[in-house]
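One letter stands for each residue in the lines below.
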Amino acid sequence: MIDYVVQQSLNALSFGAEYALIALGLAIVFSIMGLVNFAHGEVIAIGGYCMMVMAAIAFRNPIVIIIGAIFASVIMAVFLERIAFRPVRYADATTGLLTAFGVSLILQNLFLLLVSPRPIAVTSMYFLDWPIKLGSIRISSLQIFETVATLLAILFLVLFLKRSFLGIAMRAASLDFEMVRLMGIRANRVIATAFAISGLLAGIAAIFIIARRGAVDPTLGFNPVLKAFVACVVGGFGSLTGAVLGGFLLGALEVGMLVILPQSYGGMKDAFVFAVIAIILVWRPEGILSPQKEKGDKI
Amino acid sequence: MLIVNDLSVFYGKIKVVHNINFTIEEGSCVALLGPNGAGKTSTISSILGTVNSTGTVNFCNQDISKIQTEDRIKLGISIAPEGRRVFSNLSVFENLYLGSAIRKDRAIADNEIENWFNIFPILKERKDQSAGTLSGGEQQMLTIARALMGNPKILLLDEPSLGLAPMITKQVFELIETLKTKGITILLVEQNATEALKLADYSYILNSGNIVAHGNRSEILKKGDLMSSLTGVEN
Ligand SMILES: Nc1ncnc2c1ncn2[C@@H]1O[C@H](COP(=O)(O)OP(=O)(O)OP(=O)(O)O)[C@@H](O)[C@H]1O
Ligand SMILES: [Mg+2]
């Protein structure tokens with residue numbers, strides 16, 4: 001029984017880790033410019049396609065492929081900011097949201113046209129996945145890698161936000177962007193950094209998604225991003241801690257539902273998960289940890 | 001040092017500042033006074049480039065009216081804005097640290113943070129506390145200190161005494177006096193006209209987006225009726 005609980009907790013942790021990783025990528029951009037970047041999924045997909053291309057042109061070294069994929073996602077994220085989001089930066093939130101949806105759809109269709117609508121096998125990350133048995137607990141090495149990588153990414157992000165000048169500026173910008181510009185800090189620099197970090201997180205996510213699925217298709221990132229979006233909403237949109245919390249909570253809920261629900265209801269897992277989330281949102285409409293709204297003036 | 005020429009400010013189609021002109025000499029303290037909604041903050045914002053405006057702003061012999069906000073700050077314009085706008089989620093130290101963004105001389109800037117801590121021991125005590133937990137007066141001091149961290153050529157102060165108790169207001173004005181003696185050029189926007197007139201070398205009175213009077217203290221005070229109706233100053 002204990003074994004079973006440990007087993008399922010580890011499962012929940014690794015599910016949650018993936019959501020948290022992607023949710024953080026959404027939250028860091030949202031916290032600074034109020035943009036819900038639905039094209040984040042395509043930034044993940046680019047990482048996947050990059051792995052496909054690298055495998056096809058006979059790169060064998062997995063380290064090179066991993067670095068290449070992360071690099072591709074970072075470049076893609078920064079590139080999208082430059083060409084698509086910068087022009088609508090000061091427009092209202094709806095414009096930003098629609099732009100993000102548009103970019104997402106365009107990219108998905110490009111993948112579909114230029115590559116293939118069907119999944120294409122990418123096996124170069126399979127080496128990350130082997131079964132581990134600890135007594136009666138069975139997990140895969142991938143789960144451990146994913147959880148550890150997520151925790152490391154969070155640690156790196158915290159250090160960056162607390163210790164570096166740009167990191168501090170980004171925290172300030174999440175509260176009062178104009179005031180950050182009034183310190184003489186370039187808005188473009190802060191925003192490009194936010195996108196680069198979100199790209200980095202997307203690239204890491206891409207590696208684990210590919211390692212698990214072994215194939216890339218145009219919607220590779222879209223569904224995980226929808227889940228991550230839900231994680232952000234539950235955690236409190238714009239709060240980085242909230243994104244992580246929401247991600248792990250969602251992972252726990254999904255695994256929990258699979259455990260609790262009788263086999264025949266398995267297909268309705270998501271419905272039950274969303275019902276719980278709806279209840280949480282009734283209790284806390286702004287999410288569990290909604291970010292501070294006030295600007296700190298005490299008049 | 002700063003010459004504002006034929007400046008108008010617009011919010012959408014609405015014009016709130018009407019073709020005003022004023023000049024600030026290097027090393028002087030100029031006050032911009034007027035009732036609520038006169039357009040004082042709008043004028044400051046147009047100097048910083050954060051609102052739509054027409055006309056020219058000339059700073060240190062350079063027309064800055066077409067350049068980006070960040071670049072204006074880099075030229076040496078610094079702002080302690082209305083409502084303070086400290087970064088309440090950051091520590092006091094981090095607020096000051098961001099204030100030195102345009103500085104290349106990191107080490108000297110860090111020393112200056114220490115200096116500010118000596119001037120305001122309370123900020124030193126609260127150095128790692130989040131700025132949002134400071135009192136209003138402390139936040140105002142932090143805002144001014146943050147603005148000075150960039151070593152500006154000109155300091156724009158938008159209603160530094162707003163919402164402060166008389167005692168604290170006095171401290172703020174004493175601080176401005178000190179800055180003045182250090183030769184820092186200051187544009188002071190104030191509701192507290194009595195105090196501002198005492199501090200300023202020259203003042204402009206703004207009403208409904210027009211400059212209705214300007215001069216030094218005695219010249220302004222001569223226009224008694226106008227003054228008492230607009231700024232509440234009695235002579
Ligand atoms: N963002 C804005 N959008 C539309 N109108 C604005 C905006 N900001 C200011 N105004 C209008 O412009 C006019 C001048 O405002 P401004 O803030 O410059 O006045 P002020 O002199 O600074 O007043 P106060 O002493 O109350 O701060 C006001 O009528 C105000 O309603
Ligand atoms: Mg004002």
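Residues numbered from 1 in each chain as written. Chains lettered and ligands numbered in written order. Predicted model: local features only at pLDDT ≥ 70, side-chain atom pairs only at ≥ 80, totals over all residues. Heavy atoms only, no water.

1. Comments concerning the coordination of the magnesium ion (ligand 2)
Residues and elements named next belong to chain B. For clarity, the cut-off: Any N, O or S atom lying within 2.8 Å of the metal counts as a donor, and for Na, K and Ca the limit rises to 3.2 Å; water is left out, so some sites can look incomplete. Counting from the N terminus, the helices are DSSP H or I runs at least four residues long and the strands are E runs at least two residues long. Relative accessibility decides the category of a residue: with a 1.4 Å probe and only protein chains considered, values under 20% of the type maximum give buried, values over 50% give exposed, and everything between is partly exposed.
The coordination sphere of the magnesium ion (ligand 2) contains the protein donors Thr41 (OG1), Glu82 (OE) and Glu82 (OE), at a distance range of 1.8 to 2.8 Å. Pair noted here: Thr41 is in helix α1 (residues 40-48) and Glu82 is in the loop between β6 (77-80) and α3 (92-99), with a separation of 41 residues, a long-range link. Judged by its relative accessible area of 25%, Thr41 falls in the partly exposed class.

2. A short note on empty space enclosed by the protein
All names here are of chain B. Quick reminder of the rule: Using only the protein atoms, space was sampled on a 1 Å grid; points where a 1.4 Å probe fits but cannot get out form cavities, open sets with protein on both sides within 12 Å along at least five of seven lines form pockets, and lining residues are those with an atom within 4 Å of a point. Grid points are joined across faces, edges and corners, and a volume is the space filled by probe spheres set on the points.
Summed over the entire model, instances satisfying the criterion amount to one cavity of 30 Å³ or more. A volume near 60 Å³ is recorded for the largest cavity. Along its surface, the largest cavity is lined by 13 residues, and Ile73, Ser78, Ile102, Ala147 and Gly150 are the ones closest to its centre. Among the elements of the structure, β6 and α6 (136-148) are those that each provide at least two residues to the lining of the largest cavity.

3. What to know about the layout of surface pockets
All names here are of chain A. Cut-off, in case you're wondering: In the scheme used here, Gly and all other residues not listed as nonpolar or charged are polar, with Ala, Val, Leu, Ile, Met, Phe, Trp, Tyr, Cys and Pro taken as nonpolar and Asp, Glu, Lys and Arg as charged.
What the second largest pocket holds in volume is close to 370 Å³. Lining the second largest pocket are 16 residues, and of these Phe15, Glu18, Tyr19, Arg212 and Arg213 sit closest to its centre. Among the elements of the structure, α1 (2-33), α5 (141-163), α8 (187-213) and α9 (222-235) are those that each provide at least two residues to the lining of the second largest pocket. With four residues, the top contributor of residues to the lining of the second largest pocket is α1. Partitioned by chemical class, the residues of the lining of the second largest pocket number six nonpolar, five polar and five charged.

4. Considerations on the side chain of Glu70(B)
The condition that has to hold: Identification of polar contacts relies on pairs of N or O atoms within 3.5 Å, with a donor-acceptor requirement for protein atoms, meaning one able to donate a hydrogen and the other able to accept it, and with residues adjacent in sequence counted only if both atoms are side-chain atoms. In this analysis, two residues are considered to be in contact whenever any of their non-hydrogen atoms come within 4.5 Å of each other.
One can find Glu70(B) in helix α2 (residues 69-74). At 3.0 Å, the side chain of Glu70(B) forms a polar contact with the side chain of Arg181(A). Those residues in contact with Glu70(B) that sit more than four places away from it in its chain are Arg181(A), Gly184(A), Ile185(A), Arg186(A) and Ala187(A).

5. Focus on the domain arrangement of chain B
All names here are of chain B. This is how it is decided: Domain limits in this description derive from either an automatic procedure or a database domain assignment. Joining two parts hides part of their accessible area as seen by a 1.4 Å probe, and the buried area is that hidden amount summed over both. For this analysis, a salt bridge means a side-chain nitrogen from Lys or Arg found within 4 Å of a carboxyl oxygen belonging to Asp or Glu.
When cut into domains, chain B gives domain 1 (1-76 + 154-168 + 187-235) and domain 2 (85-151). Just the C-alpha atoms count here: the centres of domain 1 and domain 2 sit 25 Å apart. When domain 1 packs against domain 2, the two sides together hide about 570 Å² of surface, and 83% of this comes from carbon and sulfur. Three residues, Leu155, Pro160 and Leu164, lead the burial of domain 1 against domain 2; their summed loss comes to 51% of the area buried on that side. The interface formed by domain 1 and domain 2 holds zero salt bridges in total. The interface formed by domain 1 and domain 2 holds zero residue pairs in polar contact (both at pLDDT 80 or more) in total. Of all elements in the fold, only α2 and β7 (154-158) reach the threshold of two or more residues within the side of domain 1 that touches domain 2. Here the residues of the side of domain 1 that touches domain 2 sort into six nonpolar, no polar and two charged.

6. Quick word on the site of ligand 1
All names here are of chain B. In plain terms, the rule: Here, proximity means that at least one heavy atom of the residue falls within 4 Å of the molecule or strand. All accessible-area figures derive from a Shrake-Rupley calculation using a 1.4 Å probe, and residue coverage is judged against the displayed protein chains alone.
Near ligand 1 there are 13 residues, and of these Asn36, Lys40, Thr41, Ser42 and Glu82 occur at the shortest range. At 2.7 Å from an oxygen atom of ligand 1 is found a side-chain nitrogen or oxygen belonging to Asn36. Gly39 places a polar main-chain atom, nitrogen or oxygen, 2.9 Å from an oxygen atom of ligand 1. For ligand 1, the accessible surface in isolation is 640 Å², of which the surrounding protein chains cover 60%.

7. Observations regarding the packing of aromatic side chains
Note the following rule: Working definition: a ring pair exists when centres of Phe, Tyr or Trp rings (six-membered ring for Trp) sit within 6.5 Å. Plane angles under 30 degrees give stacked, over 60 give edge-to-face, the rest tilted. Our definition puts a charge over a ring when NZ of Lys or CZ of Arg is within 6 Å of the ring centre and also within 35 degrees of the ring normal.
For the structure on display, the rule yields 12 aromatic pairs over all chains. Ring plane angle 20° and centroid distance 6.2 Å describe the contact between Phe93(B) and Tyr97(B), whose orientation is recorded as stacked. In this pair, Phe93(B) and Tyr97(B) both sit in helix α3, four residues apart, roughly one turn of the helix. Phe93(B) sits in the partly exposed class, given a relative accessible area of 30%. Within the aromatic cluster, the residues linked to one another by ring pairs are Phe30(A), Phe38(A), Phe101(A), Phe229(A) and Phe237(A). The lysine or arginine in question, Arg284(A), covers the ring of Trp283(A), its NZ or CZ lying 5.6 Å from the ring centre. Across from the ring centre of Phe87(B), 4.9 Å away, lies the NZ or CZ of Arg146(B), which sits over that ring.

8. Examining the state of the cysteines
All names here are of chain B. How we decide: Note on terminology: pairs of cysteine sulfur atoms within 2.5 Å are recorded as disulfides.
Considering all chains together, one arrives at zero disulfides over all chains under this definition. A disulfide-free cysteine, Cys60 has its sulfur positioned 17 Å from the sulfur of Cys29, the nearest such atom. A relative accessible area of 33% places Cys60 in the partly exposed class.

9. Some thoughts on the interface of chain A and chain B
Residue-level contacts link 26 residues of chain A with 33 residues of chain B. Note on chain A versus chain B: buried area summed over both sides is about 2700 Å², and carbon and sulfur give 57% of it. Where chain A meets chain B, there are five salt bridges. Glu70(B) is paired through a salt bridge with Arg181(A); the nearest N and O atoms lie 3.0 Å apart.

10. What about the sheet that holds strand β9 (residues 202-207) of chain B?
All names here are of chain B. Stated formally: For two strands to be treated as a pair, DSSP must find at least two bridges joining them. Every axis corresponds to a line fitted to the C-alpha atoms, with the helix fit spanning only the stretch in contact, and the corresponding angles, defined between N-to-C directions, vary from 0 to 180 degrees.
Across the sheet, six strands lie side by side as β6-β7-β8-β3-β9-β10; this open sheet has mixed pairing. Both outer strands of the open sheet, β6 and β10 (210-215), are each paired with one neighbouring strand and no more. The average undirected angle you get between the axes of adjacent strands in this sheet is 20°. Summarising the sheet, β7 and strand β8 (residues 185-190) pair through five bridges and their orientation is parallel. Counted as the bridge partner of Leu157 is Leu188 from β8. Against the sheet, α6 makes contact with β6 and β7, and its axis sits at roughly 170° relative to β6, the strand it touches most.

11. Observations concerning helix α11 (residues 269-283) of chain A
So the rule is basically this: Take the number of residues in a helix, subtract one, and multiply by 1.5 Å to get its expected span.
Under the 1.5 Å per step criterion, the end-to-end length of α11(A) is 22 Å for 15 residues, consistent within 8% with the ideal 21 Å. Those residues of α11(A) that are buried are in contact with α9 and α10 (240-260) of chain A.

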